[in-house]
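# Geometric and topological summary
One letter stands for each residue in the lines below.
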Amino acid sequence: MGQDRGKYDFYIGLALAVSSSIFIGGSFILKKKGLLRLARKGSMRAGQGGHAYLKECLWWAGLLSMGAGEAANFAAYAFAPATLVTPLGALSVLVSAVLSSYFLTERLNLHGKLGCLLSILGSTTMVIHAPQEEEIDSLEDMAKKLVDPGFVVFATAVIIIALIFIFVLGPRHGQTNILVYITICSVIGALSVSCVKGLGITIKEAIAGKPVLTKPLAWLLLLSLIACVSTQINYLNKALDIFNTSLVTPIYYVFFTTSVLSCSAILFKEWEHMGTDDIIGTLSGFFTIIVGIFLLHAFKDVSISLATLAVSIRKDEKNGPLLNGMAAHNHSSYELLRNEVTEDFDDIESGLPFDSVSRRNGTMTVS
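The shown structure was predicted, so the numbers you read here are calculated from the model rather than taken from an experiment.

Moving on to the overall build of the protein chain. Looking only at helices and strands, one finds 12 helices and 2 strands in the protein chain. Reading the protein chain from its N terminus to its C terminus gives the helix and strand order α-α-α-α-α-α-α-α-α-α-α-α-β-β. Among the 367 residues that make up the protein chain, the fraction classed as buried is 43%. Across the protein chain, the fraction of contacts at a sequence separation of at least 24, relative to all contacts at a separation of at least 6, is 80%. For the protein chain, the exposed area adds up to about 19,600 Å²; of that, 67% sits on carbon and sulfur atoms.

So, in structure tokens, the structure goes:
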């Protein structure tokens, strides 16, 4: 019964994670179109501190789509380990990249398609080798995890890094460096996942009839989640407004996934129960995703497809004989020049002054 329930929970978490990626990937497109519409109207942009997007219907549609995706993601964390759910966020990158090529006229070339394929393969590998987290059945167990010295140090470091980026690096480099706002979203996202996991346990206990609403930890997790999500939305809006969507989405995925995997390893001790093959498989899958994400955005401005690749190959085949002919002609010219120089030195040796010998149009005159 326990194994059947585990499989049941696994497939529920998997389905919720996939649907979450679809909703979140679509939300990037809706938000971006809303921000572009505001820019055409001349409103103050989000990247400059404006909040005119709060009056834009498309932006709200994107927010609702992201809310649905986050709700599905929230539920997925309640049924499956974080290291299983988080890598499937790569699907949101694929959805966003494909939809942006249709609705935002952002090209998805051959490199991008290969990157999408590699991201899917990497995600599948990580799902196969996903670690098993320690069982947490109650808020009391969660409270013990949250006061673990390792997690306390991690959470403190995350908060300090976020504050430095928000108040020091953000005002100076946020408009020119894409990593500033994305780093803020990513490190805060690691804490939000921990809050989501705790609230998932709270909801399960509430459904079971336990008086969880009287426990301070439940409300602390809820308030922390609201603060984290609000911060993520604010700085993600700024990144989307300033930089290209196909650039923001993949980099955000890599940073966010790395933060969540680190947090899960520290908080839930997932990696302690993994074998060597699963560790290698998980890391290989993650690095495969990173390579796929790199291909997806690093060559986005290169216009290449299967059709243009075939044309390029045919041109190379046609130019091959011509290049060989040019090489033969150059070799003949070199032989002719060498013969002329040899004849000049022969003339010198025969007694003619060197400066009295000149060649014009292939004839020799002696002065």
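There is more to say, and it comes next.
Another aspect to go through is the side chain of Asn 237. Assignment of secondary structure puts Asn 237 in helix H9 (residues 216-242). The exposure class assigned to Asn 237 is buried, which follows from its relative accessible area of 2%. Here the side chain of Asn 237 touches Trp 59 through a polar contact of 3.2 Å, side chain to side chain.

One pass over the structure, following the stated rule, counts 0 disulfides. No disulfide involves Cys 228; its sulfur sits 5.1 Å from the nearest other cysteine sulfur, which is in Cys 195.

Per the counting criterion, the structure on display carries 1 salt bridge. Its salt-bridge partner being Glu 140, residue Lys 215 comes within 2.8 Å of it at the nearest N-O pair. Note that Lys 215 is positioned in the loop between helix H8 (178-207) and H9 and Glu 140 in helix H6 (residues 139-146), a separation of 75 residues in sequence. For Glu 140, a relative accessible area of 40% gives the class partly exposed.

Reading the values: the criteria
Counting restarts for each chain: residues are numbered from 1 in the order of the written sequence. Predicted model: local features are reported for residues with pLDDT of at least 70 only, side-chain atom pairs are reported and counted for 80 or more only, and whole-chain, interface and lining totals are derived from all residues. Note that the side-chain values use all heavy atoms of the structure and ignore hydrogens as well as water. Secondary structure is summarised from DSSP: a helix means a run of H or I of at least four residues, a strand means a run of E of at least two, and numbering begins at the N terminus for each. Any residue under 20% of the maximum accessible area for its type is buried, any over 50% is exposed, and the rest in between are partly exposed; the area is computed with a 1.4 Å probe on protein chains only. It only takes one pair of heavy atoms within 4.5 Å for two residues to be counted as in contact. Accessible areas in this description were obtained via Shrake-Rupley with a 1.4 Å probe; residue shielding takes into account the shown protein chains only. In protein, a polar contact means a hydrogen-donor-capable atom and an acceptor-capable atom, both N or O and within 3.5 Å, with residues adjacent in sequence counting only if both atoms are side-chain atoms; elsewhere, any N or O pair within 3.5 Å suffices. A pair of sulfur atoms, both from cysteines and within 2.5 Å, is called a disulfide here. The salt bridge criterion pairs a side-chain nitrogen of Lys or Arg with a carboxyl oxygen of Asp or Glu, the two atoms within 4 Å.

Everything listed is a geometric property; what it means functionally is a separate question.
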